[in-house]
Amino acid sequence: MKLFRQVVPISKDYDNPVFEALAIQAIIGLLSLMILDGGQVAQVCGVALLAFWAGASLLIYRRRLSPSRTDLQVIRFGYLPVLVIAQQSNSCCSGRAESVVFGFPNFSRRATERFR
């Protein structure tokens, strides 16, 4: 963080939320890689990760020196709602009949025939 502060001066208040967000994302990322679904959940987590850090970097850029309490909470826990929205939009747009959030969907023919 010290090198980044020399290039773009930001408040030290961002340190803890950024590291906590990275820890949450690392844990969820490792868990998503262990799900044996062909990498679909891991792909959704990756897209949510990119979307979250695009928004967080914009938020940090706009309020470099004086973050509000809400800004720090959004950076700390904002990945979770982004991940849920990404999972739901993936379920909606992929054409699957069931909508699953971090569960183990049943992809067998019997399960999908029930929804037709």
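Scroll up to find the structure this text is about.
Read on for an overview of the structure. The written sequence of each chain sets the order in which its residues are numbered from 1. The predicted nature of this model means local features are confined to residues of pLDDT at least 70 and side-chain atom pairs, given and counted, to a pLDDT of 80 or more, with totals for whole chains, interfaces and linings taken over all residues. Side-chain metrics rest on all non-hydrogen atoms present in the structure, leaving aside hydrogens and water.

## Thoughts on the overall build of the protein chain
Along its length, the protein chain carries 6 helices and 0 strands. Helix and strand assignments follow DSSP, with helices taken as H or I runs no shorter than four residues and strands as E runs no shorter than two, numbered in order from the N terminus. The order of helices and strands in the protein chain, counted from the N terminus, is α-α-α-α-α-α. To sort residues, take the accessible area from a 1.4 Å probe on protein chains only and compare it with the maximum for the residue type: under 20% means buried, over 50% means exposed, and anything in between is partly exposed. In the protein chain, buried positions account for 31% of the 116 residues. Contacts in the protein chain between residues far apart in sequence, at least 24 positions, make up 62% of those at least 6 positions apart. Where accessible areas are quoted, they stem from the Shrake-Rupley method and a 1.4 Å probe; at the residue level, only the protein chains shown are allowed to cover. About 8,000 Å² of surface is accessible on the protein chain, with carbon and sulfur atoms providing 63% of the total. In this analysis, two residues are considered to be in contact whenever any of their non-hydrogen atoms come within 4.5 Å of each other.

## Some thoughts on helix 4 (residues 69-77)
Turning to helix 4, its buried residues are Asp71, Leu72, Ile75 and Arg76. Seen along its axis, helix 4 keeps its buried residues to an arc of 130°; they face one direction. Exposed side chains of helix 4 directed beyond 90 degrees from the buried face belong to Arg69 and Thr70. Note: the arc covers the axis-to-C-beta directions of the helix.

## Points about the pattern of salt bridges
Salt-bridge detection follows one rule: a side-chain nitrogen of Lys or Arg within 4 Å of a carboxyl oxygen of Asp or Glu. Evaluated as defined, the whole model comprises 2 salt bridges. Here glutamate 20 and arginine 76 are joined by a salt bridge, their closest N and O atoms 2.4 Å apart. Taken as a pair, glutamate 20 in helix 2 (residues 15-33) and arginine 76 in helix 4 lie far apart in primary sequence, 56 residues in all. You can call glutamate 20 partly exposed: its relative accessible area is 35%. Assessed through its relative accessible area of 18%, arginine 76 is described here as buried. Arginine 63 is the salt-bridge partner of aspartate 71, the closest N and O atoms lying 3.3 Å from each other. The buried category is assigned to aspartate 71, whose relative accessible area is 9%.

## A word on the nonpolar core
Membership of the largest hydrophobic core comes to 18 residues, with the highest contact counts inside it found for Tyr14, Cys45, Ile60, Ile75, Tyr79 and Leu83. For this core, the elements supplying multiple residues, two or more each, are helix 2, helix 3 (40-62), helix 4 and helix 5 (79-93). The biggest single contributor to this core is helix 3, with 7 residues. In contact with isoleucine 75, other than residues within four places in its own chain, are Tyr14, Pro17, Val18, Ala21, Phe52, Ala56, Leu59 and Ile60. What makes a nonpolar core is a set of buried Ala, Val, Leu, Ile, Met, Phe, Trp, Tyr and Cys residues whose side-chain atoms join them at distances within 4.5 Å.

## Quick look at the packing of helix 2 against helix 5
Each pair of packed helices can be summarised by the angle the axes make with each other and by the distance between the axes. Fitted lines through C-alpha atoms give the axes, limited to the stretch in contact for helices. The angle between two N-to-C directions lies from 0 to 180 degrees. Running from amino to carboxyl end, helix 2 crosses helix 5 at an angle of 35°, the nearest separation of the two axes being 11 Å. Mapping the contact onto sequence places Ile24, Gln25 and Ile28 in helix 2 and Tyr79, Leu80 and Leu83 in helix 5. In the scheme used here, Gly and all other residues not listed as nonpolar or charged are polar, with Ala, Val, Leu, Ile, Met, Phe, Trp, Tyr, Cys and Pro taken as nonpolar and Asp, Glu, Lys and Arg as charged. A per-class count over the contact of helix 2 with helix 5 returns 5 nonpolar, 1 polar and no charged.

## Topic: the packing of helix 3 against helix 5
Put simply, helix 3 and helix 5 touch, their axes get as near as 9 Å, and they point 130° apart. As far as their axial angle goes, helix 5 and helix 3 are oblique. Helix 5 is crossed by helix 3, and the crossing has right-handed handedness. On helix 5, the residues touching Gln40, Val44, Cys45, Ala48, Leu49, Ala51 and Phe52 of helix 3 are Tyr79, Val82, Leu83, Ala86, Gln87 and Asn90. Here the residues of the contact of helix 3 with helix 5 sort into 10 nonpolar, 3 polar and no charged. An angle below 35 degrees is treated as roughly parallel, one above 145 as roughly antiparallel, one from 65 to 115 as roughly perpendicular, and anything else as oblique. Two helices cross in a left-handed way if the nearer one is turned anticlockwise from the farther one by less than a right angle. They cross in a right-handed way if the turn is clockwise.

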